[in-house]
Amino acid sequence: MFPEIVCPIEGQPLSQTAGKLVCARGHAWSVDAGIPRMIADRHNYADAFGLQWNTFRKTQLDSYCGSDISLRRARRCIGAAAWAFLHSGAREVLEAGCGAGRFTEVLLATGASVTSVDLSSAVEANQDNFAQSDRHRIVQADLLNLPFAPGQFDVVFCLGVIQHTPSPERTMAALYDQVRPGGWLIIDHYTHSLSRYTKTLPLVRQVLRRLPPEQAMKWTARLVDVFFPLHRAARHSRVGHALVSRVSPVLTYFHCHRLPEELHRQWALLDTHDALTDRYKHKRTRKQIHQTLERLGGVAIASEYAGNGVEARCRKPPRGGWPARASAG
Ligand SMILES: C[S@@+](CC[C@H](N)C(=O)[O-])C[C@H]1O[C@@H](n2cnc3c(N)ncnc32)[C@H](O)[C@@H]1O
């Protein structure tokens, strides 16, 4: 049974009245296309993400690419102990910032019940890819104002998201709050790099992130038209790739992912748009992430530089401590 959806403002139970979810204090939330919309304003800082995930609904799904790119990244972040935990019973998972669902696919395949949440209209792309069922529920909500009572999810999984929220520390606290005692929090976060000083992407981003989403998407397509052929020409040369990446704000994956040519282009369009239009792009060191998880009370903390920056996980201690001979993993 999924954890109950409550009013994100009052924490009160909701009843269904005239197609809306209403709490005792009168806060009303619509349900559109079968998705509870637990946000005050449909338009927010994540609008560009919404457009992006609805435009590139399938691009990064393993099943679409014929790859295991998302599975490998998720497994690495989850780690062996939490992966075993995830498979050891009927687990409740909160997928925070689900986008179109590259990780929804991986999480559903574990057999868990998955609640996929996103602030943007990406929830519609997610539903198009993975219909709601008795094991998959989709809710449009803000991670900083989640419509669930604390401590109800066995695993809270959040990859590619926290750096894009107004306050990474508040977001990590909100996510930790959702973990059931004895459960796991799995996260990643961007970290600092020299690219800010050596590449053109940060400069171009200063312009594109201020444009309306549709215009920014058009400019991204133009940039990809110009620079993608250069990346393709340099794909067999490390030096060539490094040089092209200095002048080009376009992101490509010739050097790390084996994909058909057309998919390389789709990934370039998608990830370049993502990198050029995000309102927030926070960076944290591994130590900062580790310390935040410590401050929250997490145990069995693992953190390392990998993937898109820092990958980390921790466990929430069970009430009353671990049973004798059990370990935190
Ligand atoms: C880069 S995308 C990653 C999506 C997905 N996790 C993936 O890896 O494909 C970041 C997602 O976080 C969502 N997001 C940003 N801020 C959020 C917030 N405060 N609450 C919920 N979702 C948020 C965006 O709408 C976007 O879909």
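Residues numbered from 1 in each chain as written. Predicted model: local features only at pLDDT ≥ 70, side-chain atom pairs only at ≥ 80, totals over all residues. Heavy atoms only, no water.

### Points about helix α3 (residues 69-86)
For α3, built from 18 residues, the straight-helix expectation of 26 Å at 1.5 Å per residue is missed by more than 12%, its first-to-last C-alpha distance being only 19 Å. Maximum bend of α3: about 100°, positioned at G79. Among the residues of α3, I69, S70, R73, A74, C77, I78, G79, A82, W83, F85 and L86 are the ones counted as buried. (Helix = DSSP H or I, 4+ residues; strand = E, 2+ residues; numbered from the N terminus. Expected span 1.5 Å × (residues − 1). Bend = angle between axes of the 7 residues up to and from the residue. Buried < 20%, exposed > 50% of the residue type's maximum accessible area, 1.4 Å probe, protein only.)

### A closer look at the pattern of salt bridges
Following the criterion strictly, the structure yields 14 salt bridges and no others. With a shortest N-O distance of 2.8 Å, R37 and E124 are connected by a salt bridge. Of the two residues, R37 sits in strand β4 (residues 35-37) while E124 sits in helix α5 (residues 122-129), which places them 87 residues apart along the sequence. Close ionic contact of D154 with R180 constitutes a salt bridge, the shortest N to O distance being 2.8 Å. Residue D154 is located in strand β8 (residues 153-158), and its partner R180 is located in strand β9 (residues 179-190); the two are separated by 26 residues in the primary sequence. (Salt bridge = Lys/Arg side-chain N within 4 Å of Asp/Glu carboxyl O.)

### Observations regarding the environment of Q178
You can see Q178 is positioned in helix α6 (residues 168-178). Discounting residues that sit within four places of it in the chain, Q178 has contacts with L94, L146, F148, A149, P150, G151, Q152, F153 and V156. (Contact = heavy atoms within 4.5 Å.)

### Structural notes on the nonpolar core
Buried together is how nonpolar side chains tend to be arranged in soluble globular proteins. Counting 32 residues, the largest nonpolar core has L185 and I187 as the members making the most contacts within it. Those elements that provide at least two residues to this core are β2 (20-23), β5 (92-96), β8, α6, β9, α12 (286-296) and β11 (309-315). Other than its neighbours up to four places away in sequence, L185 contacts V156, M172, L175, Y176, V179, L293, A312, R313 and C314. Grouped together as the second largest cluster of nonpolar side chains are 24 residues, A46, F56, L223 and A268 included. (Core = buried A, V, L, I, M, F, W, Y, C linked by side-chain atoms within 4.5 Å.)

### Some remarks on the site of the ligand
Taken together, the neighbourhood of the ligand is formed by 21 residues, with Y45, G97, D118, D142 and L159 sitting nearest. The separation between a nitrogen atom of the ligand and a polar side-chain atom of D142 is 2.8 Å. Listing elements by their share of the shell around the ligand, those giving two or more residues are α1 (47-55) and α4 (102-109). The class makeup of the residues in the shell around the ligand is eleven nonpolar, six polar and four charged. (Near = heavy atom within 4 Å. Polar contact = N/O pair within 3.5 Å; in protein donor to acceptor, adjacent residues only side chain to side chain. Nonpolar A, V, L, I, M, F, W, Y, C, P; charged D, E, K, R; others polar.)

### Topic: the domain arrangement of the protein chain
For the protein chain, the assigned domains are domain 1 (14-191 + 283-315) and domain 2 (194-277). Each partner contributes to the interface: domain 1 provides 16 residues, whereas domain 2 provides 14 residues. In total, domain 1 and domain 2 occlude about 1,500 Å² of area from one another, counting both sides; carbon and sulfur atoms represent 70% of this. For the interface between domain 1 and domain 2, the tally reads six residue pairs in polar contact (both at pLDDT 80 or more). Mapped by element, the contributors of at least two residues to the side of domain 1 that touches domain 2 are α1 and α2 (62-65). Ranked by the residues each element gives to the side of domain 1 that touches domain 2, the list is headed by α1, at seven residues. Along the lines of polarity and charge, the residues of the side of domain 1 that touches domain 2 split into nine nonpolar, five polar and two charged. (Domains from an automatic or database assignment. Buried area = accessible area lost by both parts, 1.4 Å probe.)

### Notes on the packing of aromatic side chains
Counting across every chain of the model gives five aromatic pairs. Aromatic pair Y45 and Y280: ring centres 5.1 Å apart, planes at 80°, arrangement edge-to-face. Of this pair, Y45 sits in the loop between β4 and α1 while Y280 sits in the loop between α11 (261-277) and α12, placing them 235 residues apart in sequence. Over the aromatic face of W219 sits the side chain of R222, whose NZ or CZ is 4.6 Å from the ring centroid. A cation over an aromatic ring shows up here: R315 above the ring of F85, its NZ or CZ 5.2 Å from the ring centre. (Phe/Tyr/Trp six-rings, centres within 6.5 Å; stacked < 30°, edge-to-face > 60°. Lys NZ or Arg CZ within 6 Å of the ring centre and 35° of its normal.)

### Some thoughts on the packing of helix α9 (residues 213-233) against α11
It is at 9 Å that the axes of α9 and α11 come closest, and there the two elements cross at 130°. As the angle between them shows, α9 and α11 are arranged oblique. Where α9 crosses over α11, the two elements pack in a sense that is right-handed. Contact residues: P213, A216, M217, T220, A221, L223, V224, D225, F228 and R232 in α9; E261, H264, R265, A268, L269, T272, H273, L276 and T277 in α11. Considering only residue class, the contact of α9 with α11 consists of ten nonpolar, five polar and four charged. (Axes fitted to C-alpha atoms, helices over the stretch in contact; angles between N-to-C directions. Parallel < 35°, antiparallel > 145°, perpendicular 65-115°, else oblique. Left-handed = near helix turned anticlockwise from the far one by under 90°.)

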